[in-house]
Amino acid sequence: MKARLTAVVACLALTACAGPDTVRHSPGQQKADLVIGVLPIIDVAPVYIADERGLFRKEGLNVKIEVLGGGADALPRLIGKSMDISFGNYLTWFNAQAGGLADLKVVADGYHTGKGTHRIVAAKDSPIRSLADLSGRKIAVNALNSVPSLLVRRAAEGAGVKLDDKRDFVAVPFPEMIPALENKRVDAAFLGEPFAGVAAGKGMTTVGEIPAGFPVAGYAATAAFVKDNPGTVAAFQRAMAAGARLAADRVALGEILPTYVKGLGPAAGDLAIGTYPQAADAATLQGVSDAMARLGYFGGRQPVKAADLITPAR
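Residues numbered from 1 in each chain as written. Predicted model: local features only at pLDDT ≥ 70, side-chain atom pairs only at ≥ 80, totals over all residues. Heavy atoms only, no water.

1. Here we look at the overall build of the chain
Move 1: When you go through the chain residue by residue, the secondary structure sums to 13 helices and 10 strands.
Move 2: Out of the 314 residues in the chain, the part that is buried amounts to 51%.
Move 3: For the chain, restricting intrachain contacts to residue pairs at least 6 apart in sequence, the fraction spanning at least 24 positions comes to 78%.
Move 4: Total accessible area on the chain stands at roughly 14,100 Å², and carbon and sulfur atoms take up 53% of it. (Helix = DSSP H or I, 4+ residues; strand = E, 2+ residues; numbered from the N terminus. Buried < 20%, exposed > 50% of the residue type's maximum accessible area, 1.4 Å probe, protein only. Contact = heavy atoms within 4.5 Å. Areas by Shrake-Rupley, 256 points an atom, 1.4 Å probe, with all protein chains shown as cover.)

2. Some words on the sheet that holds strand 2 (residues 62-67)
Move 1: The strand order across the open sheet built from five strands is 2-1-3-10-4, with neighbouring strands paired in mixed fashion. Lying at the two open borders of the sheet, with one neighbouring strand each, are strand 2 and strand 4 (104-112). Neighbour-to-neighbour, the strand axes of the sheet open up by a mean angle of 25°, direction not taken into account.
Move 2: Along the sheet, helix 10 (residues 230-247) contacts strand 1 (33-38), strand 3 (85-89), strand 4 and strand 10 (215-222); its crossing angle with strand 4, the most-contacted strand, is approximately 5°. (Pairing = 2+ DSSP bridges. Axes fitted to C-alpha atoms, helices over the stretch in contact; angles between N-to-C directions.)

3. Notes on the pairing of strand 5 (residues 118-122)
Move 1: Counting buried positions along strand 5 yields five of five residues, so the element is predominantly enclosed.
Move 2: Where strand 5 and strand 8 (residues 188-192) come together, four bridges link them in antiparallel fashion. When the bridges of strand 8 are listed, V121 appears paired with A189.
Move 3: Sheet topology note: the strand 5/strand 9 (residues 205-209) ladder contains four bridges and is antiparallel. Residue A122 lies in a different strand from strand 9, and its bridge partner there is T205.

4. A closer look at the side chain of D43
Move 1: Here D43 is to be found in the loop between strand 1 and helix 1 (45-52).
Move 2: Although D43 lies buried, it forms no salt bridge, and the closest oppositely charged side chain, R250, sits 13 Å away as judged by the N-O distance.
Move 3: What D43 contacts, discounting residues up to four positions off in sequence, is F87, G110, Y111, V216, Y219 and Y276. (Lys, Arg positive; Asp, Glu negative; His and termini not counted. Salt bridge = Lys/Arg side-chain N within 4 Å of Asp/Glu carboxyl O.)

5. Notes on the sheet that holds strand 5
Move 1: With respect to topology, five strands assemble into an open sheet ordered 7-6-8-5-9, the strand pairing being mixed. This sheet does not close on itself; its edge strands, each paired only once, are strand 7 (169-171) and strand 9. Within the sheet, the average angular offset between the axes of one strand and its neighbour, ignoring direction, is 35°.
Move 2: Sheet analysis places strand 6 (residues 139-141) next to strand 8, joined by two bridges and oriented parallel. Across the sheet, A140 pairs through a bridge with A189, a residue of strand 8.

6. Side note on the nonpolar core
Move 1: By size, the foremost hydrophobic cluster in this structure holds 90 residues, and its most contacted members are F56, F94, Y219, F236 and L257.
Move 2: By residue number, the principal contributor to this core is helix 10, which donates eight residues.
Move 3: Those residues within four positions of F236 in sequence are excluded, and the remaining contacts are L34, I36, F56, L61, I85, V107, A108 and Y219.
Move 4: Judged by nonpolar contacts, the second largest core, of 13 residues, contains V121, A140, I178 and A199. (Core = buried A, V, L, I, M, F, W, Y, C linked by side-chain atoms within 4.5 Å.)

If you want it as C-alpha cells, here you go:
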C-alpha cells in the first residue's frame, strides 16, 4: 500500500512555533514571500513536494505557486517582477540571455530526460518506422523553436536526417497530439509522459526515443533578483534540493503527481520518469548550449556559457 504523504502543519506566525520543524528565516534572507511559476507537468514535482511537505516554510519562505498558461509566459513575468522564480526550458533561458532580452540566473536544475520519458511517435498505420523516415514529414511539437524541436532534430541528426524548425515542425498542444496523429494532421509527434504511454497503449509506433540524461528545464530568476536576495535564493535552493531527493521516491512521486497533473489517476505510478537533479551542473548544462549552437538556435549570436548563468547552491 502506498504511504500517504505526511501532512503539513502550517504555523500561523513565523516566530510562534517551536521544535525541529520550526519555520525560520534563513541567515541573510531578504525576502520571505516568493512567487514561483510552474507548468502543470511531471517535471515540476519537486516544487509541489517541497510545498506539501513544508520544506519551503522550514526555510522561512512563504511560497505562492502560480501555474503559467504556457512556457512563453515565464520570461515577461520575471522581467516585470510579478514572479520571482520560474520553471522554464533551457532553450528559452539561454536564448533570452544570448539575445539580451533578460539577464538571467539558473537557480536550480529542474528535469532531465530518462529512459522512455520522451519519444517520437507515428500513427499505427504510418509508413514512418524510424528516424530516417522523418525527412519531409510534418512533426508536432508543443512549441516551436523549443527544447522539443531541439531534441527531435538532435535525434534525427544521428540518423542522417537534417530537420528545419520553420519547415518541418508544427505547434500542437500535448493533449491534441494523439488525435492529430490519428486524423493525419501530422505525420509524427514528440511526446513526453503521460502522453507517450497513452500512444504506446494505442499501438502507435515509437520512431525514436530521446536518450536519458539530457537537461530539459530548470528554474531561473533575474540576475538582479539573485543579487538583491542571495539568502532567499539559497533558502529556495535548499528546499528544492530536498524536494528533488524526495521526488526520487516513486511512492512520494506517485502520490503528488495526480494532485496537479490532470487525468493521471492511478497511472501515475507506472509512468516513465526522468531525473530531478538536486543542483545545476555547469558541464551538463553546457551540453544544451553546445547543441543549440550546432543546430543554429542562437541565430549567429554568441552562445551562452552555462557556468556564467548558474547561481551555485549554498
